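Per-entry structural report
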Amino acid sequence: MLFNKKKTEEKIDRSTRILPTHVGIIMDGNGRWAKKRGLPRQAGHKVGAATFKKITRYANSIGIKNLTVYAFSTENWKRPKEEIDALMDLFYDYLIEALRDFSEENIRTIFIGDVTAFSPKLQQLIHETEAISSDKTGMRLNIAMNYGGRDEIVRAMREISAEVAEGKLQPEDIDPALISDHMYTFGQPDPDLIIRPSGEYRTSNFLLWQSAYSEYVFMDEILWPDFSTEDLERALDEYARRNRRFGGV
Ligand code: IPE
Ligand code: IPE
Ligand code: MG
């Protein structure tokens, strides 16, 4: 973990530590996990999907209010067709399962990203999942699919400029709060903590606008399929050690 060594040794009392309200996870490393085992990349995605379910349930159980997971980026269409097809099948199977499980989970799921790029069958399931979970009062789960931070900002700019062109808004009305209201995550707090396993130290276009003051935890020793609830706990401990200043003193 890319932590300050001395600080990492600082013991955190998990019963009293400050929890982030909104956690983002870049679920990375599925392909390398599979490659290490001589398996096709798809096999890593399959285990990664199971990890996603486990971590989502756990995050809800410990009181995380908002969780955003990066499942498929606007750039991931560059991958081989075989891998994309396998991912689409996996999303479909996951959603079928999620629809079945939601009644017990109390998790409200929404999708962020341009879902119109998916097959009509998958889109239908996405809408059903959102509708069925819309009255849930537990954690809010944002699944980022065909999501890109730049794409999201472009979309917001188009909406806002259309309102200006229609005379509904004045250019002076445009401020950070208004822009936030045009993001997919409108009404939700910005992510406090963003976790990325797998050893890549970049955002890869995740929540660009919302992450202005997010704390990043890069966990380079772990690939997403192996990510455990204890790894999440370690990231939460590290978050509790951070001193957030937001530009103040
Ligand atoms: C993340 O794992 C899952 C998706 C991007 C869909 P990767 O597939 O990027 O795995 P690596 O980074 O190649 O190991
Ligand atoms: C980011 O991972 C997207 C998801 C985890 C869904 P990538 O594997 O696509 O990112 P890069 O290509 O390493 O930056
Ligand atoms: Mg990757």
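Remember, predicted model here, so these are calculated numbers, not experimental data. (Residues numbered from 1 in each chain as written. Chains lettered and ligands numbered in written order. Predicted model: local features only at pLDDT ≥ 70, side-chain atom pairs only at ≥ 80, totals over all residues. Heavy atoms only, no water.)

Take the site of ligand 1 next. The environment of ligand 1 is formed by 13 residues, the closest being Asp28, Gly31, Arg32, Arg41 and Arg79. Within the contact set of ligand 1, an oxygen atom lies 3.4 Å away from a backbone nitrogen or oxygen of glycine 29. The side chain of arginine 79 places a nitrogen or oxygen atom 2.6 Å from an oxygen atom of ligand 1. Protein contact buries 87% of the 380 Å² of open area that ligand 1 shows by itself. The set of elements that each furnish at least two residues to the shell around ligand 1 consists of helix H2 (30-36), helix H3 (41-61) and helix H4 (81-105). Looking at the shell around ligand 1 element by element, the count peaks at three residues for H2. (Near = heavy atom within 4 Å. Polar contact = N/O pair within 3.5 Å; in protein donor to acceptor, adjacent residues only side chain to side chain. Areas by Shrake-Rupley, 256 points an atom, 1.4 Å probe, with all protein chains shown as cover. Helix = DSSP H or I, 4+ residues; strand = E, 2+ residues; numbered from the N terminus.)

So, about the layout of surface pockets. For the largest pocket, the calculated volume is near 750 Å³. Mapped onto the lining of the largest pocket, the elements with two or more residues apiece are H2, H3, strand E2 (66-73), H4 and strand E4 (140-147). Residue composition of the lining of the largest pocket, grouped by class: 16 nonpolar, eight polar and nine charged. (1 Å grid on protein atoms, 1.4 Å probe; cavity = no way out; pocket = protein on both sides within 12 Å on 5 of 7 lines; lining within 4 Å. Points joined across faces, edges and corners; volume = space filled by probe spheres on them. Nonpolar A, V, L, I, M, F, W, Y, C, P; charged D, E, K, R; others polar.)

With respect to the helices, strands and loops of the structure, phenylalanine 218 is situated in strand E6 (residues 215-219). Looking at phenylalanine 218, the relative accessible area reads 16%, which means it is buried. Residues phenylalanine 218 and isoleucine 26, spaced 192 residues apart in sequence, show a C-alpha to C-alpha distance of 9.8 Å. (Buried < 20%, exposed > 50% of the residue type's maximum accessible area, 1.4 Å probe, protein only.)

The next thing to look at is helix H6 (residues 149-165). Taking 1.5 Å as the rise per residue, H6 with 17 residues should run 24 Å; its terminal C-alpha atoms sit 24 Å apart, in good agreement. Residues of H6 that are buried include every one of Gly149, Glu152, Ala156 and Ile160, and no others. When H6 is viewed along its axis, its buried side chains cluster within an angular range of 65 degrees and face the same direction. Facing away from the buried surface of H6 by more than 90 degrees, the exposed residues are Arg150, Arg158 and Ala165. Residues of H6 that are buried in the fold lie against E4 and helix H7 (176-181). Within two residues after H6, glycine 167 carries a phi angle of roughly 80 degrees, on the positive side. (Expected span 1.5 Å × (residues − 1). Arc of directions from axis to C-beta. Contact = heavy atoms within 4.5 Å.)

Remember that the coordinates give geometry; whether it matters functionally is a separate question.
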